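# Tertiary structure, described
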Amino acid sequence: MDSSYFKILNFRIRFFYMLFAIVVGVFHSYLLRSYIEGDGIPYLDIGDLVFQGRWEALVNGIWSPLYAIVQGLFLFLFKPSYQMESTIVHFANFSIYMLSFLAFDFFLSQFIVSYKKNNLHSIKDNSYLLSEETLTLIGYSLFIWSSMNMLHTSRITPDVFVTAFIYLAFGILLRINSGSLNLANFIMLGVVLGLGYFTKEVFFLMAFIFLFAGFVSVYKSKAGLLKMIVALFTFVVISSPLIIALSKEKGYFTFGETGKLNYHWYINPNPCNYIHRGFPGCKKLVHPVREIYDEPRLIEYSYPLPVTYPLIHDPSYWSEGTTPYFDIKGQIIALVKNIRELFKLFLYDQNVLIVLFLILFFLQERKVEFFREARRKWLLFIPAVIPVLIYLLVHLESRYIGAFLVVFWLVLFSSVKLKYFSNVKRVTSLLAVVLVFSLNIMSVFSKDLEENYQAAKDEIIDWQIAEKLEKAGIKKRDKVAIIGNYYDHLYWARLLKVQIIAEIFDEPVYEFWAASDHVKSQVFKTLKQYGIKTVVTEKIPSYASNAKWENINGTSYYFYKLQ
């Protein structure tokens, strides 16, 4: 096959997969356009505040700023109605997903260039690697599959955005490793790593893994080492403003509080859950929630910024004063749990990849050749594996490692080295077709749709709730209380731009509904003292009186106006 034909075929593959990525992305975005989970609300609130000139909202110990700015920009430009806001939010997500596709396209092009060089060496010993066309097909299929099944593009979180910077970083490393020591490549590496940190805190640690790999790849070149120092300097300059702002707010050096708090919550045996009472560590909280009524327990949590749900807007604010500590038993339990989760991801979600790879591996005559080929790709393998190991120590979810597993699988499939036999080539071609077809089918009918489609249908009522409450006289910035903690069902409050500042949650909910009218009136009187005008609940038990509670458009939601 001559080079001109490959260029035409490669263009056709790229064009087809760009169209396929668009179709699948639009399909998912449309079906899941009403799905807004609890973790997405802080990003939307931060974005709103930024475009209102409240720049201090960007300094948040948990939620990084860049994704929030992008969402805020889309909402600022379109100024959507209640009915359309979630659609615009998902359109922003779709745009980020396509940006990630372009980043992956850049990485894959660099990967194929590097791959061709290895392939030329392999021809000399009468063996071959998978063709460039086959690997290109597998690469694009892996990207779209991971986006829909591991990252879940419907999630209003920055995970898809993070993958764009991961793929760009891998692509730039490959370009540098190929001998392109242009200073612009090193500056761009620093910029990409810095922007990645602004997208998600954990990228601060990832950045040093990529920088280390870069230093090792050019250690024989004095000019290359000096330019890698420029990359490091660029990363430090870009990331410093956020680090300085966070450290100033917390009163100690920090590049973010997510890692510290996740360690505390997932590994320490008695973590301080700031909305519960009785835990030893919670007695040292700097900003504890206020218990304003005892039985049933009613908590209040006003916050310096006008946000939808203060408790989740910045958990590091409410957790300030807790001290994570090393616990060997908790560490072992967390490690075992995360290893099991990783095995589950491989055995259940990636079994097609495992089976087809193993068939190719056992078709290889000399297995040691596979490991030699894989070792040549250390520049990809090490930065892809180390972040997964870091997540294993604390908490692992598929959306955290989707991009790393795409690179991992590309390394494995590109390292298979087979002999030139017609039967082997036929089998290899058949396996590649099965793999690509399976990944593409799983991209269309994804886990994202399977897990979130029903939730998206249920959340269509959020804008109806917001409209009803607005017609009832509830205004923007009004203070609201809730009965029952429905973390993933508070988007109506975000639409209405009210502030939830008090709630009764968990067991005390049953105490409230079973209480006498006198106790309920005392609870309502207490809420009024804090400027709360409305109480909202998702459901009223059959044994409780719903007098004076107004149903919202035939849904399970009710509201009670405090006169």
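Summary of the structure given here.

Further remarks concern the overall build of the protein chain. In terms of regular secondary structure, the protein chain is built from 23 helices and nine strands. Projected onto its principal axes, the C-alpha coordinates of the protein chain cover approximately 90 × 50 × 45 Å. When each of the 563 residues of the protein chain is scored for burial, the buried share is 56%. By sequence separation, contacts in the protein chain at least 24 residues apart represent 76% of the contacts at least 6 residues apart. Only carbon and sulfur atoms are counted for the fraction: they give 64% of the accessible area of the protein chain, which is about 24,900 Å².

When strand β2 (residues 290-293) meets strand β3 (residues 298-300), the two strands line up antiparallel, connected through three bridges. Looking across to β3, one finds that Y293 is bridged to L298. Between β2 and β3, which pair antiparallel one after the other, the connecting turn spans four residues.

Here we take up the packing of aromatic side chains. Applying the stated criterion across every chain yields a total of 58 aromatic pairs. Taking 5.3 Å as the distance between ring centres and 65 degrees as the angle between the ring planes, the aromatic pair formed by Y43 and W63 counts as edge-to-face. In this pair, Y43 sits in helix α2 (residues 40-50) while W63 sits in the loop between α2 and α3 (65-78), placing the two residues 20 residues apart along the sequence. Classification of Y43 as buried rests on a relative accessible area of 4%. Residue W63 is classed as buried on the basis of its relative accessible area, which comes to 10%. Between the NZ or CZ atom of K520 and the centre of the ring of F512, over which it lies, the distance is 5.8 Å.

Turning our eyes to something else, we now look at unusual backbone geometry. That bond from E295 to P296 is cis: its omega, 0 degrees, falls within 30 degrees of zero. Among the secondary structure elements, P296 is positioned in the loop between β2 and β3. For D506, which is not glycine, the phi dihedral falls at a positive 55 degrees. By the secondary structure assignment, D506 is in the loop between β6 (499-504) and α22 (507-514). Notably, N553 is not glycine yet its phi reads approximately 55 degrees, a positive angle. Within the fold, N553 resides in the loop between β8 (550-551) and β9 (558-561).

Here the focus is the sheet that holds β3. An order of β2-β3-β6-β5-β7-β9-β8 is seen for the seven strands of this open sheet, with the pairing classed as mixed. Only two strands of the sheet have a single partner each, and these edge strands are β2 and β8. Pairing of β3 with β6, which is carried by two bridges, proceeds in the antiparallel orientation. Looking at β6, one finds that I299 is bridged to E503.

Within the secondary structure, V406 sits in helix α17 (residues 398-413). We classify V406 as buried; its relative accessible area is 1%. Distance in space between the C-alpha atoms of V406 and F143 is 6.5 Å, their sequence separation being 263 residues. Contact partners of V406, with chain neighbours within four places excluded, come to F104, L142, F143, S146 and Y167.

Next up on the list: the nonpolar core. Among the nonpolar cores identified, the biggest contains 156 residues, and F107, L189, I401, F413 and W492 are the most heavily contacted of them. With 17 residues, helix α4 (residues 82-123) is the largest single contributor of residues to this core. Each residue touching F413, except ones within four places of it in the same chain, is listed here: L130, L135, I138, L353, F357, L360 and L435. Formed by 21 residues, the second largest nonpolar core is a distinct cluster that contains A481, A502, A544 and W549.

Time to look at the pattern of salt bridges. If charged atoms from side chains of opposite charge come close, those side chains can pair. Scanning the entire structure with this criterion turns up 23 salt bridges. Here K497 and E85 are joined by a salt bridge, their closest N and O atoms 3.7 Å apart. Taken together, the residues K497 in the loop between α21 (491-496) and β6 and E85 in helix α4 connect sequence positions 412 residues apart. For K497, a relative accessible area of 22% puts it in the partly exposed group. On the basis of relative accessibility, which here comes to 5%, the residue E85 falls in the buried class. Between K200 and D159 there is a salt bridge whose closest N-O contact spans 2.5 Å. Linking K200 in the loop between α7 (183-199) and α8 (203-217) with D159 in helix α6 (residues 159-177), this pair joins segments that are 41 residues apart in sequence. Side by side, K200 and D159 carry an identical accessibility label, which is buried.

Turning our attention to helix α5 (residues 132-151). The periodicity of an α-helix, 3.6 residues per turn, causes residues three or four places apart in sequence to face the same way. Here α5 contains 20 residues, and its C-alpha end-to-end distance of 26 Å stays within 8% of the 28 Å for a straight helix at 1.5 Å per residue. Within α5, 19 of the 20 residues are buried, which leaves it mostly tucked inside the rest of the structure. Looking one or two residues past α5, H152 carries a phi angle of roughly 60 degrees, positive in sign.

Contact geometry of α6 with helix α16 (residues 378-394) gives a least axis separation of 10 Å together with a crossing angle of 150 degrees. By the angle between their axes, α6 is roughly antiparallel relative to α16. Here the hand of the crossing between α6 and α16 comes out right-handed. Contacts between α6 and α16 involve F170, L173, L174 and N177 from the first element and L379, L380, P383 and A384 from the second.

With that out of the way, let us pick up a negative patch on the surface. A cluster of acidic side chains, namely E295, D506, E507 and E511, defines a negative patch on the protein surface. Residue placement: E295 occurs in the loop between β2 and β3. Judged by its relative accessible area of 59%, E295 is exposed.

So, about a nonpolar patch on the surface. Nonpolar side chains collect at one region of the surface, where F11, F15, M18, L19, I22, V26 and L102 lie side by side and expose about 630 Å² of accessible area between them. When residues of the nonpolar patch are assigned to their parent elements, the largest contribution, six residues, is made by helix α1 (residues 3-31). For V26, the position within the fold is in helix α1. Among the residues examined, V26 registers a relative accessible area of 42% and is labelled partly exposed.

Thresholds applied
- Residues numbered from 1 in each chain as written.
- Predicted model: local features only at pLDDT ≥ 70, side-chain atom pairs only at ≥ 80, totals over all residues.
- Heavy atoms only, no water.
- Helix = DSSP H or I, 4+ residues; strand = E, 2+ residues; numbered from the N terminus.
- Buried < 20%, exposed > 50% of the residue type's maximum accessible area, 1.4 Å probe, protein only.
- Contact = heavy atoms within 4.5 Å.
- Areas by Shrake-Rupley, 256 points an atom, 1.4 Å probe, with all protein chains shown as cover.
- Pairing = 2+ DSSP bridges.
- Phe/Tyr/Trp six-rings, centres within 6.5 Å; stacked < 30°, edge-to-face > 60°.
- Lys NZ or Arg CZ within 6 Å of the ring centre and 35° of its normal.
- Core = buried A, V, L, I, M, F, W, Y, C linked by side-chain atoms within 4.5 Å.
- Salt bridge = Lys/Arg side-chain N within 4 Å of Asp/Glu carboxyl O.
- Expected span 1.5 Å × (residues − 1).
- Axes fitted to C-alpha atoms, helices over the stretch in contact; angles between N-to-C directions.
- Parallel < 35°, antiparallel > 145°, perpendicular 65-115°, else oblique.
- Left-handed = near helix turned anticlockwise from the far one by under 90°.
- Patch = residues over 30% accessible without salt bridge, like charges linked within 9 Å, V, L, I, M, F, W, Y side chains within 5 Å.
- Lys, Arg positive; Asp, Glu negative; His and termini not counted.
- Charge placed at Lys NZ, Arg CZ, Asp CG, Glu CD.

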